[in-house]
Amino acid sequence: MTKKTVTKKAYAKVNLGLDIVGLRGDGYHLVKMIMQTIDLFDVLTFQPAERPGIFLKISEKSTIPDVADVPTDGRNLIVKAAGRILEKTGIPEAGVEILLEKHIPMAAGMAGGSTDCAAALRGVAELMELDLGEKELAEIGVSLGADVPYCLMGGTALSEGIGEVLTPLPALPPCGFLIVKPEFGASTKEVYGAYDRLMPEEIRHPDIDGMTEALKQGDLSGVAARLGNVLEPVTVAMHPQIRTIEDLIRRSGVKDTIMTGSGPTVFGILPETIKDAEHAAEKSRCISEIKEQLKDAGIPAQVLIV
C-alpha cells in the first residue's frame, strides 16, 4: 500500500570553494570542493498514478523564466531517478505522478537537476514505502550524477573524488546570499575542456584547507575571504559579462563574490539581517538596483537574495 501524497523540497547549492586536483583514467575530474546548501528550493509532489509509468508535470507556480525548457521525459533526472526506484518495487504496474514546482535557475551551477534527482529518489521511495537507507540511495544517486549524493546529504560539506566522497563540515555561520544568474548559459563540457588545456602556471587553486579551518572556527569573514573557483577564469574568458556582474555586486556593498560551479551564476555573501522581515524594503531595493544596472550593461539576469 502506497501513501497518497509525498512532498519534498529540493534545495539548491553553491560552491564556496571549487578546486580540481586530478583527472581519473575514465576522464572524470577529481575535485576538492566545499558545498553549501542555500535557502532556495524546488518543490516536488509525488502521488500514485492509475497506470504504469512516470508522469512528470511542471507546476504553474514555477518562477524561473525558462520553465518551458524543462524536459518532462526521460531526459529529466527526476524521471530517471523515479524509474530506478520503481524498478525496486517489483510491481510491473507501479506508476507515479510527479509535479515539479521549479524555482532554482537552470544551467546555473546550482545543482538544480541533481537536487531534484535526490528529492525524487527520496520521494518515490517514501511514496512506495520502500525501506532504502542513505547508503543505497547515494549509490543509486551517484550513478545518475556526481552531485546527487551531496544533494541527498545537504548542509556544508567537503566533496572529493568525483564529488561522491563527502565529509560533513561545521555549518556556515548565519548569513544571506545575493545570487545573480544571467540569461546566457555556460556549457559545463566546454568549460572543463578549456580548463584541461591550461598550462599549470595559469591555474590558481583556491585555499580549500584554509576555508575548512575557517568553518571550524565559525569565522564567516575567513570563509568569505577564501571564496575561490578554479574554473572561474576559464568561464570568464568565454563570458566576460561575468566579471561585469561581479563588479556590480561589489558596488552594492558585497565585498567577496565568486562564480559557482562551471557558471555562469555569481553570488556574494551578505549579513544575515538582510533576510529579516524588517529589511524587506532594503532587500527589494538592492535587487531592483542591481537588475537595473545589469539591464543598463546589457546583461539581463535573475537576481535573488536568499
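The structure presented is a predicted model; accordingly, all values stated were derived computationally and were not measured.

Considering all chains together, one arrives at two aromatic pairs under this definition. With a centroid separation of 5.1 Å and an interplanar angle of 55 degrees, the aromatic rings of Tyr-11 and Phe-41 are classed as tilted. In this pair, Tyr-11 sits in strand β1 (residues 6-23) while Phe-41 sits in strand β2 (residues 29-48), placing the two residues 30 residues apart along the sequence. Using a relative accessible area of 32% as the deciding quantity, one classes Tyr-11 as partly exposed. By relative accessible area, which is 22% here, Phe-41 ends up partly exposed. Directly above the ring of Phe-55 sits Arg-51, whose terminal nitrogen or CZ lies 3.9 Å from the centroid.

On to the pattern of salt bridges. In a structure, side chains of opposite charge can pair up when their charged atoms sit close to one another. Counted according to the given criterion, the structure contains 14 salt bridges. The shortest N-O distance in the salt bridge between Glu-134 and Arg-122 comes to 2.8 Å. Of the two residues, Glu-134 is situated in helix α3 (residues 134-142) and Arg-122 in helix α2 (residues 112-127); the sequence distance between them amounts to twelve residues. Its relative accessible area of 47% is what places Glu-134 among the partly exposed residues. Judged by relative accessible area, Arg-122 falls into the partly exposed class, the value being 25%. Residues participating in the shared-partner salt-bridge network are Asp-42, Lys-102 and Asp-116.

Okay, the state of the cysteines next. A covalent bond between the sulfur atoms of two cysteines is referred to as a disulfide. Enumeration according to the criterion identifies zero disulfides in this entry. The thiol of Cys-286 is unpaired, and the distance to the nearest cysteine sulfur, on Cys-175, comes to 15 Å. Using a relative accessible area of 11% as the deciding quantity, one classes Cys-286 as buried.

The end-to-end C-alpha distance of α2, which contains 16 residues, comes to 22 Å, matching closely the 22 Å that a straight helix rising 1.5 Å per residue would cover. Among the 16 residues that make up α2, 13 are buried, leaving the element largely enclosed by the rest of the structure. A positive phi of about 55 degrees marks Glu-129, the residue just after α2.

Further remarks concern the nonpolar core. Phe-46, Leu-231 and Leu-294 are the most contacted members of the largest nonpolar core, which totals 70 residues. Looking at this core element by element, the count peaks at eight residues for α2. If sequence neighbours within four positions are ignored, Leu-231 has contacts with Leu-18, Ile-20, Val-191, Tyr-192, Tyr-195, Met-259, Gly-261 and Ser-262. Ile-38, Phe-267, Ile-269 and Val-306 belong to the second-largest nonpolar core, a separate cluster that totals 26 residues.

With that out of the way, let us pick up the sheet that holds strand β9 (residues 257-259). The strand order across the open sheet formed by four strands is β9-β10-β7-β11, and the pairing between neighbours is antiparallel. In this open sheet, the two strands that pair with only one neighbour each are β9 and β11 (301-305). Across the sheet, the axes of successive neighbouring strands diverge by a mean angle of 20 degrees, strand direction being ignored. The pairing of strand β7 (residues 176-182) with strand β10 (residues 266-270) spans five bridges and is antiparallel. Paired with Ile-179 across the two strands is Phe-267, which belongs to β10. Relative to β9, helix α9 (residues 241-251) is tilted by about 155 degrees, and along the sheet it contacts β7, β9 and β10.

Quick look at the pairing of β10 now. Of all five residues in β10, five are buried, a share of seventy percent or more. Burial along β10 is two-sided: Val-266, Gly-268 and Leu-270 facing one way and Phe-267 and Ile-269 facing the other are all buried. Joining the antiparallel neighbours β9 and β10 is a turn of six residues, in which Gly-261 adopts a positive phi near 60 degrees.

The buried fraction of strand β5 (residues 156-160) is high, at four of five residues. In the sheet, β2 pairs with β5 via four bridges, with the strands oriented antiparallel. Note on β5: the bridge partner recorded for Met-33 is Ser-159. In terms of strand pairing, β5 meets strand β6 (residues 165-168) through four bridges, oriented antiparallel. The partner of Ala-157 across the bridge, within β6, is Pro-168. In this structure, the hairpin formed by β5 and β6 is closed by a connection of four residues, where Gly-161 is found at a positive phi of approximately 70 degrees.

In a pair of packed helices, the angle between the axes and the distance between the axes together describe the arrangement. Running from N to C, helix α1 (residues 77-87) and α2 cross one another at 30 degrees; their axes reach a closest spacing of 8 Å. In this view, α1 runs roughly parallel relative to α2, as classed from their interaxial angle. Between α1 and α2 the crossing geometry is right-handed. Facing Leu-77, Ile-78, Ala-81, Ala-82, Ile-85 and Leu-86 of α1, the residues of α2 in contact are Gly-113, Ser-114, Asp-116, Cys-117, Ala-120, Leu-121, Val-124 and Ala-125. Residue composition of the contact of α1 with α2, grouped by class: eleven nonpolar, two polar and one charged.

Criteria and cut-off values
- Residues numbered from 1 in each chain as written.
- Predicted model: local features only at pLDDT ≥ 70, side-chain atom pairs only at ≥ 80, totals over all residues.
- Heavy atoms only, no water.
- Phe/Tyr/Trp six-rings, centres within 6.5 Å; stacked < 30°, edge-to-face > 60°.
- Helix = DSSP H or I, 4+ residues; strand = E, 2+ residues; numbered from the N terminus.
- Buried < 20%, exposed > 50% of the residue type's maximum accessible area, 1.4 Å probe, protein only.
- Lys NZ or Arg CZ within 6 Å of the ring centre and 35° of its normal.
- Salt bridge = Lys/Arg side-chain N within 4 Å of Asp/Glu carboxyl O.
- Disulfide = S-S within 2.5 Å.
- Expected span 1.5 Å × (residues − 1).
- Core = buried A, V, L, I, M, F, W, Y, C linked by side-chain atoms within 4.5 Å.
- Contact = heavy atoms within 4.5 Å.
- Pairing = 2+ DSSP bridges.
- Axes fitted to C-alpha atoms, helices over the stretch in contact; angles between N-to-C directions.
- Parallel < 35°, antiparallel > 145°, perpendicular 65-115°, else oblique.
- Left-handed = near helix turned anticlockwise from the far one by under 90°.
- Nonpolar A, V, L, I, M, F, W, Y, C, P; charged D, E, K, R; others polar.

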